[in-house]
Each structure stands twice: as C-alpha cells, then as structure tokens.
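Spelled out, the chains give:
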Amino acid sequence: MNFAIKSLTAASLIACALTAHAQKGETVRIAFMDPLSGPFANVGQNQLKSWQFAAETLSGAKNAAGVKYEVVGFDNKGSPQESLNTLKAAIDQGFRYVTQGNGSGAAAAILDAVSKHNARNPGKEVVYLNYAAVDPALTNEKCDYWHFRLDADTTMKMEALTTFMKDQPKVKNVYLINQNYSHGQQVAKYFKEGIQRKRPDVKIVGEDLHPIGQVKDFAPYVAKIKQSGADTVVTGNWGADLKLPMYTYYSSVTGTPTALAAGGEGEVYVIAYGHANHSGEIGKMAAEFKKKFNDDYYTYATYNGINLLSGAIAKAKSTDPVKVAAAMEGLSFKSFAGEVTMRKTDHQLQQSLFVTKWQKADAKNPYSVENTGFTFAPVKQMEPYVASTPTSCDMKRPS
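Structure report, in brief.

The rules behind each value
All residue numbers here refer to positions counted from 1 along the written sequence of the relevant chain. pLDDT decides what is reported in this predicted model: residues at 70 or higher carry local features, side-chain atom pairs at 80 or more are listed and counted, and totals for whole chains, interfaces and linings draw on all residues regardless. To obtain the side-chain values, all non-hydrogen atoms of the structure were included, while hydrogens and water were left out. Strand pairing follows a simple DSSP-based rule, namely that at least 2 bridges must link the two strands. Segments assigned H or I by DSSP are reported as helices when at least four residues long, segments assigned E as strands when at least two residues long, and all are numbered from the N terminus. Here an angle of 0 to 180 degrees is reported between the N-to-C directions of two axes, which are lines fitted to C-alpha atoms, with helices fitted over the stretch in contact. Any two residues having at least one pair of non-hydrogen atoms within 4.5 Å are treated as being in contact. Roughly parallel means an angle under 35 degrees; roughly antiparallel, over 145; roughly perpendicular, 65 to 115; everything else is oblique. Helix crossings fall into two classes, left-handed where the near helix is turned counterclockwise from the far one by less than a right angle and right-handed where it is turned clockwise. Residue polarity is assigned by list, with Asp, Glu, Lys and Arg as charged and Ala, Val, Leu, Ile, Met, Phe, Trp, Tyr, Cys and Pro as nonpolar; anything else, Gly included, falls into the polar class.

**What to know about the sheet that holds strand S6 (residues 173–179)**
What links the strands of a sheet is backbone hydrogen bonding, and the strands pair in either a parallel or an antiparallel sense.
Now for step 1: In space, the seven strands of this open sheet follow the order S7-S6-S8-S9-S10-S14-S15, with mixed pairing throughout. At either end of the open sheet lies a strand with only one pairing partner, and these are strand S7 (203–210) and strand S15 (374–382). Adjacent strand axes in the sheet meet at a mean angle of 20° when their direction is disregarded.
Now for step 2: Bridging between S6 and strand S8 (residues 232–235) involves three bridges; their strand directions are parallel. Within S8, the position partnered with Val174 by the bridge is Thr232.
Now for step 3: Of the strands in this sheet, S8, strand S9 (246–248), strand S10 (268–272), strand S14 (353–360) and S15 are in contact with helix H5 (residues 154–165), which crosses S15 at around 90°.

**Some remarks on unusual backbone geometry**
Now for step 1: Here Asn294, not a glycine, exhibits a phi torsion of approximately 50°, which is positive.
Now for step 2: Mapped onto the elements, Asn294 comes out in the loop between helix H9 (280–293) and helix H10 (301–316).
Now for step 3: The backbone of Lys317 sits at a positive phi, close to 55°, despite the residue not being glycine.
Now for step 4: Inspection of the secondary structure assignment puts Lys317 in the loop between H10 and helix H11 (321–328).

**Overview of the packing of H5 against helix H6 (residues 182–198)**
Relative placement of two packed helices is described by the angle separating their axes and the distance separating the axes.
Now for step 1: Put simply, H5 and H6 touch, their axes get as near as 9 Å, and they point 40° apart. By the criterion of interaxial angle, the relationship of H5 to H6 is oblique. When the axes of H5 and H6 are compared, the crossing they make is right-handed. Listed contacts from H6 to Thr154, Thr155, Met158, Glu159, Thr162, Thr163 and Met165 of H5 are His183, Gln186, Val187, Tyr190, Phe191, Gly194, Ile195, Arg197 and Lys198.
Now for step 2: Considering only residue class, the contact of H5 with H6 consists of six nonpolar, seven polar and three charged.

Structure follows, in structure tokens:
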C-alpha cells in the first residue's frame, strides 16, 4: 500500500514537472522582416542582431517555457509590397511567428496579410509581433487579433512627451519637422492636440514634412527653423543640426548619436520605453551586446517580445500560435522597467516611458552611446497609466 502511494506520488510529480515545461527542447522560429539593404539597412541590421541576441540569451532554461528561439532575417527593403513577398516566403518556410517594426506602411500590409492568411488557412496560423511600427491605427481602427504591438504607439509617446513639456516654461514657440508618411504626420497631429490641452499658450511657428530617406542636406530646413523664431523643435525623426532644444522619438537609433556628438552637448530629449543606462539584466545584456558586436543594444522590445512569448507558451503549455495568441491577451510579465501588460482590448503593450537627455557620459550615467563619450540620461520615468491612451479597437476574435 505504501509502495503504491509512493509510486503514485512520484508519477504525479513527474507529470507536474512535464506539464510545467511541456515544450522544453522545442525551438520557436521567428521571421524578422525589415530593411537589410538600402538607406535604413544600418538600423535593420542592428535590430536583426538585437532579436537574435535576445533570442539566444533568453533561450532554454532562461525562459518560463524552456523553449529555444531562432530568429531569421528577411529583407523587406522597407516596402509594403516587399513585406508581402517576405511574409509569403517565411510562411512557405514554415515560420509561424513573424516580427517587423520599421515602417507603419509595411506593418499595415503585414497585419492585413497575416489576418487573411489565418482566415483562409486554419491550422497554419501566424502571429505578428510588431516591435516598432507606432501608427495608432494598428491598434485602433485596423486592430487585428493576430497582431501584438511591443512598442508604445505615437499617441502614448506624445501623451508622455507633452506631459513632460507642459512643465518646461521656456518652451513657447515650437517648430515641427517630420518625415512625410503616416508616422511623421501623426507625430505632428498628436503633438498639436496634446500641447493644446496642456499648454494652450505654446505656439506652432512652423511645420515641415520632408521626403523619407531622401533628404541629404537639411540646411534649407535649418534656415527656415531659425527664421521662424522657434525656441524648440519637435520631431519624430532626426535630421537638422540645430542649437535649439529638440524633443525627439528616435535620436538613439543607429547613426544618430554619432551625428549628435559632432555637435557636442546639446539640449536633445528623447521619449522612449527605455534608455541607455539601465542596470540589472538588461544592462548586462547591453554590455554583452556591445562587447560582441561593438554596437548598441537599444531595441529592448526584443527582450520584452521574447519574454512575452515565453510567458504565453508556458501559460498555454503549447507553441501553437492559436493557443499562444490567446495566452498573450491580458498577460502581465516583468520587464526591465517594472511590470508590463499586453492589453487584451487592442493588443497594445502598456509600459513605462522615459524622457532622456543627451549629455556627456558620467559616473551616474556611464554608457557611451556609439562610443561617442555621450549618453542618453534618464530625466523622468512615466508609469504606464500616465501614457496609456484609449482605444477604438473592436477586436474580432476567432470563433
């Protein structure tokens, strides 16, 4: 009798252990689709390495599901049409998870194609992890069950940025300069709306939308900004060499810090979900990435993406995208900046945002961005509720 009870107990423990890591040893393959050639290749190459590095670092025993990850790059050249071609190639090669981030036009094409593929091919569903395309429409009127966004969208970033700027009394006359596509247009739109609510005294003294990836000489824009009497520039990209306070989204992206360093220490601020001087596990990963590639690890959405997948796979006890997608809805997990949640209503990650300032690296903020001797130092952390914005998403879930 005792032997039978012990045997039953042992069997139960083994069953529980197997259930806890039912996917241990499985490999989850992720297709990365972003520009690996052309004018934005340096950014795409960095972000592919970032996904592969995060996948390698957080594989196996280092994640909740015990699975391994493999990330393979596909060059979409930043084009919506090429994105459809790379998506088809990835699906034909058996990939069930895809990720993309550079360009909301490409993101919209992938979102739509994944949705149609899944409707037509039950049993072969694909999940799309969006790590950087921030068009609000993607989690509002265009929201889709199979799409999950890891970055904060433009409305969230602008809500946080204007909350910070309203307390900067020297901000009075603002010039907007952005790339002429959906993201740039929305940066301008949501800045105007946000600052009007919080600082109606601030004037927009000029605005430009310039061709994306084509302008090599920003001198004419610089001249216009100076002539406008602006004391502040707000931009979703980076292009002008100005000695004015600049509030930006992407000054930490590959190549921009080096350009900034040529002008020395200036009043440049960035709104983002992370910064260059985190400590803990993400700080250690950034140091290892730098040592391995002599490059900066700044796309921390790769860290959150792998941890989101791992938590969902562990919860679903499966790597099947259908079960994993269901498990990702509403899932909370620990990130490098506190707890984050994949909001169920629209699949938009709710997370802290940071305002950082360009300055010389020092003892408190020692990380030298692109080996320039400068860094992005945190000025203010906004808790998730501060930047959270409502959604109009009417999610259609699979039956």
